[in-house]
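Structural characterization, general
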Amino acid sequence: MKKKNLIAITLMLAMLTACGQTDSSSGTSTGAESSSSSASAETDVTDTDSTEAVEDTSEAETQAQTETAETSTEKAAETKAENNDADFTWLNRGVYIVVKNDVPDRSWYVFTDANNGKTANSDTGIGIGFTCEQTKSGITFHFGSRDDNSEMTMSYDENGDICGTMDGNKYVFYYQDNMDPDNFDATKVTGRGDIITDEAPEGSNDAPLDNTILNFIGNYSNGRATMQILPGPEGASINVKWAGSALVSSTWEMGGSYTMSGTDLIITYSDCKKSTTTYSSEGELVSDITEYTDGTGTITIHYDGSLEWVDDVENAGADYTFYYEQ
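Because the structure is a prediction, the values reported are computed rather than measured.

Here the focus is the overall build of the chain. When its secondary structure is counted, the chain shows 1 helix and 16 strands. At a minimum sequence separation of 6, the contacts of the chain that also span at least 24 residues come to 43%. With the model as given, the accessible surface of the chain reaches about 19400 Å², and the carbon-plus-sulfur share is 49%.

Below, the structure written as structure tokens:
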């Protein structure tokens, strides 16, 4: 009996031991699987973050490379425009009045495009067609024939105007924005680009058109007074109107001969008549007085459109500069 009991106890202990080992083994296996799962998840997150970081870096590098390429392309284009002769144009489509050797002679260059055009002269009405090639250093003109090769070296003068040198002569080009190269008639414009419709400008006493004075005729103003320059019997006819107030105004009328000094035209007069007119507040004429008829002085007109008046009698033009009005 004791033996059977001992055997039974031994069997029970063996069974208990086996159960404990199974539970322990089972518990260890579950923990390992959990740890493995966790590690795998962490690895996946790390891999994802790493991939996104690589993608972001790659995208940033690509964008930076694109911007660098675009900048390089822009700089290359700018360099090409600055240095490539084929991209450089001095004179484009338009009408240009030309001053040769600092003397305005009513000559014109008319460009229908950058490579074709004609010359024209207001006095003779004669011109010659040309083709040309423009480069950064100059323009090669073919006047009348492709066999003609007239080289003009181009630059900008101290005033920023386009100028050229050809055969020892200096040319300065002034663009006329109110002229159409397709319908340009040099005989119908003054030297300043005003269109002439009559043989003589109105108010010029039917004087014959003078080749030089036509470069300077027109209206000038100093903000308070107006001065009109027209051809006259002696060369130039001048009329000045100056309002001293709403009721009083003065008029100077004179004419004289002129001389050229470089690009300036100087008119000398000795027959100036000054009149002063007064009106009442109702607009009625109160008085019209002639103050003198033998006034003297000079008028200097610069080709840039400014005018200086020296009045010997009362210095009326002192401290005032008149400017040409279109």
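On we go.
This prediction gives the chain a mean pLDDT of 76; 66% of its residues lie at or above 70. Ranking the elements of the chain by mean pLDDT puts helix H1 (residues 2–83) last, at 49, and strand E5 (residues 138–143) first, at 96. Confidence drops under pLDDT 50 across residues 18–43; counting only partners more than four residues distant or on other chains, this segment forms 0 contacts. In this model, residues 197–201 is a region of pLDDT below 50 whose contacts with residues beyond four sequence positions or in other chains number 7 contacts.

Right, let's get into the sheet that holds strand E11 (residues 236–243). Within the closed barrel, the 8 strands sit side by side as E9-E10-E11-E12-E13-E14-E15-E16. Their pairing is antiparallel. Across this sheet, the average inter-strand angle for adjacent strands is 30 degrees, counted without regard to direction. Pairing between strand E12 (residues 248–261) and strand E13 (residues 264–279): 12 bridges, direction antiparallel. For Ser249, the partnering residue across the bridge sits in E13 and is Thr277.

Nonpolar side chains in soluble globular proteins tend to end up buried together. Ranked by size, the top nonpolar core spans 38 residues in total, and within it Met227, Ile299 and Trp309 carry the most contacts. When residues no more than four places from it in sequence are discounted, the contact partners of Trp309 are Met227, Val240, Trp242, Trp252, Met254, Tyr269, Thr298, Ile299, Ala316, Gly317, Ala318 and Phe322. Listed in part, the 18 residues of the second largest apolar core include Leu91, Phe111, Met154 and Met166.

A word on the environment of Gly262. Structurally, Gly262 is set in the loop between E12 and E13. Looking at Gly262, the relative accessible area reads 46%, which means it is partly exposed. Sequence-wise, Gly262 and Asp102 are 160 residues apart; in three dimensions their C-alpha atoms are separated by 6.1 Å. Excluding residues within four positions of it along the chain, Gly262 makes contact with Asp102 and Val103.

Quick look at the packing of aromatic side chains now. Taken as a whole and judged by the stated rule, the model has 18 aromatic pairs. Here the aromatic cluster, defined as three or more aromatic residues joined through ring pairs, consists of Tyr96, Tyr109, Phe111, Phe130, Phe141, Phe143, Phe173 and Tyr175.

Looking now at unusual backbone geometry. Phi angles above zero are rare outside glycine, and Asp167 is one such case at about 55 degrees. Look at Asp167 and you get exposed, because its relative accessible area is 71%. In the Ramachandran plot, Asn315 falls in the positive-phi region, its phi being about 55 degrees despite a non-glycine side chain. You can see Asn315 is positioned in the loop between strand E15 (306–311) and strand E16 (321–325). Overall, Asn315 belongs to the partly exposed group, its relative accessible area being 46%.

Moving on, we get to the environment of Asp311. Relative to the assigned elements, Asp311 resides in strand E15. Setting aside chain neighbours within four positions, we find Asp311 in contact with Trp252, Tyr269, Tyr292, Thr296, Ala316 and Gly317. A polar contact of 3.2 Å, which involves the side chain of Asp311, links it to the backbone nitrogen of Val313.

Our next topic: the pattern of salt bridges. Per the stated rule, a full pass over the model turns up 5 salt bridges. When the shortest N-O distance is used, the salt bridge between Arg93 and Asp180 registers 3.7 Å. Remark: Asp180 occurs in the loop between strand E8 (169–176) and strand E9 (218–221) and Arg93 occurs in the loop between H1 and strand E1 (94–100); sequence separation between them is 87 residues. Under the relative-accessibility criterion, Asp180 is labelled partly exposed at 33%. Between Arg93 and Asp182 there is a salt bridge, and its shortest N-O distance comes to 2.7 Å.

It is worth spelling out the pairing of E9 at this point. Pairing analysis gives 4 bridges linking E9 to strand E10 (residues 225–230), with the strands arranged antiparallel. By the bridge assignment, Asn219 is partnered in E10 with Gln228. Adjacent in sequence and paired antiparallel, E9 and E10 are bridged by 3 residues, among which Gly223 carries a positive phi angle near 100 degrees.

What follows is about the side chain of Asp311. Lacking a salt bridge, the buried Asp311 has Lys274 as its closest oppositely charged neighbour, with an N-O distance of 6.8 Å. In this structure the side chain of Asp311 is engaged in a polar contact, spanning 3.2 Å, whose partner is the backbone nitrogen of Ala316.

Attention now goes to the environment of Asp123. Secondary-structure assignment places Asp123 in the loop between strand E3 (116–121) and strand E4 (129–134). For Asp123, a relative accessible area of 34% translates into the label partly exposed. Here the alpha-carbon distance between Asp123 and Thr212, two residues 89 residues apart in the chain, equals 9.6 Å.

As a further point, take the side chain of Thr276. Secondary-structure assignment places Thr276 in strand E13. Overall, the relative accessible area of 13% leaves Thr276 in the buried class. A distance of 3.2 Å separates a polar atom in the side chain of Thr276 from a polar atom in the side chain of Ser250. With residues near it in sequence (within four places) discarded, Thr276 still touches Val248, Ser249, Ser250, Ser287, Asp288, Ile289 and Glu291.

Calculation rules
- Residues numbered from 1 in each chain as written.
- Predicted model: local features only at pLDDT ≥ 70, side-chain atom pairs only at ≥ 80, totals over all residues.
- Heavy atoms only, no water.
- Helix = DSSP H or I, 4+ residues; strand = E, 2+ residues; numbered from the N terminus.
- Contact = heavy atoms within 4.5 Å.
- Areas by Shrake-Rupley, 256 points an atom, 1.4 Å probe, with all protein chains shown as cover.
- pLDDT = per-residue confidence, 0-100.
- Pairing = 2+ DSSP bridges.
- Axes fitted to C-alpha atoms, helices over the stretch in contact; angles between N-to-C directions.
- Core = buried A, V, L, I, M, F, W, Y, C linked by side-chain atoms within 4.5 Å.
- Buried < 20%, exposed > 50% of the residue type's maximum accessible area, 1.4 Å probe, protein only.
- Phe/Tyr/Trp six-rings, centres within 6.5 Å; stacked < 30°, edge-to-face > 60°.
- Polar contact = N/O pair within 3.5 Å; in protein donor to acceptor, adjacent residues only side chain to side chain.
- Salt bridge = Lys/Arg side-chain N within 4 Å of Asp/Glu carboxyl O.
- Lys, Arg positive; Asp, Glu negative; His and termini not counted.

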